[in-house]
Every structure is written in C-alpha cells, then in structure tokens.
Amino acid sequence: MTYQWVDCEPAFIAQRYDRIAGLIGLFDRLLFLPPQLRRRAAAGLRLNPGDRVLEIGCGTGRNLPFLRAAVGATGKVYGVDLSSGMLRRARALCRREQWENVELTQCDALEYIPCEPLDGIMFGLCYNTMPHHLDVLRHAWKHLRPGGRIVIMDGKLPRGRGANLALPFGLWLMKHTLLGNPLIKPWNDLAAIADEFEMEEFLFGSWYACWGTKSAAAQGYDLLPAEQLLAAE
Ligand SMILES: C[S@@+](CC[C@H](N)C(=O)[O-])C[C@H]1O[C@@H](n2cnc3c(N)ncnc32)[C@H](O)[C@@H]1O
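Quick caveat, the model's predicted, so the values are computed rather than measured. (Residues numbered from 1 in each chain as written. Predicted model: local features only at pLDDT ≥ 70, side-chain atom pairs only at ≥ 80, totals over all residues. Heavy atoms only, no water.)

Details of the sheet that holds strand 7 (residues 207–213)
Inference 1: The 7 strands are arranged 3-2-1-4-5-7-6 in an open sheet whose pairing can be described as mixed. This sheet does not close on itself; its edge strands, each paired only once, are strand 3 (102–106) and strand 6 (196–202). With strand direction ignored, the average angle separating the axes of adjacent strands in the sheet is 15°.
Inference 2: Pairing geometry for strand 1 (residues 52–56) and strand 4 (residues 118–124), over 4 bridges, is parallel. Counterpart to L54 in the pairing with strand 4 is I121.
Inference 3: Against the sheet, helix 5 (residues 84–97) makes contact with strand 2 (76–81) and strand 3, and its axis sits at roughly 165° relative to strand 3, the strand it touches most.
Inference 4: Running over the sheet, helix 8 (residues 186–193) touches strand 5 (144–155), strand 6 and strand 7 and is turned about 15° from strand 7. (Pairing = 2+ DSSP bridges. Helix = DSSP H or I, 4+ residues; strand = E, 2+ residues; numbered from the N terminus. Axes fitted to C-alpha atoms, helices over the stretch in contact; angles between N-to-C directions. Contact = heavy atoms within 4.5 Å.)

Dropping the structure here:
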C-alpha cells in the first residue's frame, strides 16, 4: 500500500498552531519526547558565549532556554514562527526570564532575513511541518557563517518493521495535530549539503537530532547546488 501526505497552505498551518499552542507541552509528553532531546540538540550546535543563533519554527519557545544558555547574555537568539498564538507564549517566556537578547519575529521562515550571519540554526520539531522545507534549508544555509552548524531535531518512524506498523497511525495523527509529514527524511537533506554530518537517535529510533557543519572555506549560497538537495529527497 502506498501512503501519501497532502501539504497544507501556510495560513492553515498558522491557524492550526494558533489553536493548539496551549497543548504543546502535552504533545511532548504524549509522544514520549525524550527529556534530553532539546538540550542535546542545542549542545550539538557547539555555540559559544556571544554567538548568534536562530531557531526556525521556535513555537512557544521550549528550546529557547538551551539556546539562550549557550550564547549567554552577550550573544543573541533569534526566533521565527508563523503562528501568533505560539509566539505569544514564547514572548511571555522571554518576559518572565527577563531575556533582553531574544528577538522573535512572526513570518514564514523563507521570508526571514537575519540582520547578521549566524553561528547556529535550529529546526526544532518543525522541518517536516514546512512543505517548502528544501527552500527553507537552502535559505538558512545561506545565512549560516562558514564553520557554523545547523541542527534538525524531530520525531521519525522507528527503524525496521516498526516503521510500516507506525506509518498509518503517524499519518493520521499528524494530519489531525502537528501537521508534520512523516514521509520525508530531513537528515538526508542536511547530509547532502553539510561538510561534516552527525546523527543521533533516541527511543528506538523514533526521535533524532542531526547536525551539519558548513565548511569553514564556504563562501555562501553558491556552494550549495540545488541538485544536491533535490537528489537528497
Ligand atoms: C511542532 S512546533 C515546534 C515548536 C518548537 N520548535 C518546539 O520544539 O517546541 C512547529 C512550529 O513550526 C512553525 N512553523 C511551521 N511552518 C513554518 C514556517 N513556514 N515558517 C515559520 N514557522 C513555521 C509552527 O507555527 C510551529 O510553531
């Protein structure tokens, strides 16, 4: 049997997340998100105090504490998200924590232009919610400084026969909740463009984080042929 995913429009995705913004913590628990996953994903960016980091699809800000801790008070954390409801909660978190160096923007990740080169970029549980993920990855790569790192962290189908069993339920669940396409393999996209690539799996392969480094000799977008990414899909 062949399964298919139907992509959604950005307005529909934003509306869905506006509606479920209050339930994100609950989803983490119901989907058994490994407690160490967010910390580990951020740590693998190898950020230093003073660095500049962006979280794409930052949502309610559940990764921001780890990114903010890594860059410290002298660094800068940028977050971008489509959903005003999700961002409202992230902004409340920043106010509570009195973080003055976290800047959040509501727009499509593809339209977001950072005002400076970035040392690290995180896609936290959002890559497969973006139908245009390859364009967003290319765009992000262009704004990553040479030697910088990208992390993609998300859920995935477990290895082996478990994948076939989990797929119909995964498709149904994602369609009615977080809108993450379980059929794509984001780690292949990152591996195809990165100079160095690493991946770690958690909970029998049902969660992962993967990191890619941009070559220190890279000079930007011209080093990322579109065919490389298309071949990865
Ligand atoms: C499952 S939530 C993850 C939130 C957060 N990163 C976390 O780890 O808890 C996915 C987020 O991606 C955002 N998103 C989806 N498509 C987007 C796009 N094209 N541009 C920016 N944000 C997007 C959604 O609004 C949502 O807040």
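Re the nonpolar core
Inference 1: Counting 28 residues, the largest nonpolar core has L54, I56, I121, F123, I150, I152 and L190 as its most contacted members.
Inference 2: Elements represented by at least two residues in this core include exactly strand 1, strand 2, strand 4, helix 6 (133–142), strand 5, helix 8 and strand 7.
Inference 3: Looking at this core element by element, the count peaks at 5 residues for helix 6.
Inference 4: A42, L47, L93 and W211 belong to the second largest nonpolar core, which has 26 residues in total. (Core = buried A, V, L, I, M, F, W, Y, C linked by side-chain atoms within 4.5 Å. Buried < 20%, exposed > 50% of the residue type's maximum accessible area, 1.4 Å probe, protein only.)

A look at the pairing of strand 3
Side-chain positions along a regular strand alternate between the two faces of the sheet.
Inference 1: Pairing geometry for strand 2 and strand 3, over 5 bridges, is parallel. Paired with V77 across the two strands is V102, which belongs to strand 3.
Inference 2: Following the backbone out of strand 2, through helix 5 and into the adjacent parallel strand 3, one traces a crossover that is right-handed. (Right-handed = clockwise from strand over helix to strand, strands pointing away.)

Focus on the site of the ligand
Inference 1: Surrounding the ligand, one finds 22 residues, the nearest of these being R38, E55, G57, D81 and G124.
Inference 2: Contact distances for the ligand include 3.4 Å between a nitrogen atom and a side-chain N or O atom of D108.
Inference 3: In the environment of the ligand, a nitrogen atom lies 2.7 Å from a nitrogen or oxygen atom belonging to the backbone of G124.
Inference 4: Among the residues forming the shell around the ligand, the class breakdown is 10 nonpolar, 7 polar and 5 charged. (Near = heavy atom within 4 Å. Polar contact = N/O pair within 3.5 Å; in protein donor to acceptor, adjacent residues only side chain to side chain. Nonpolar A, V, L, I, M, F, W, Y, C, P; charged D, E, K, R; others polar.)

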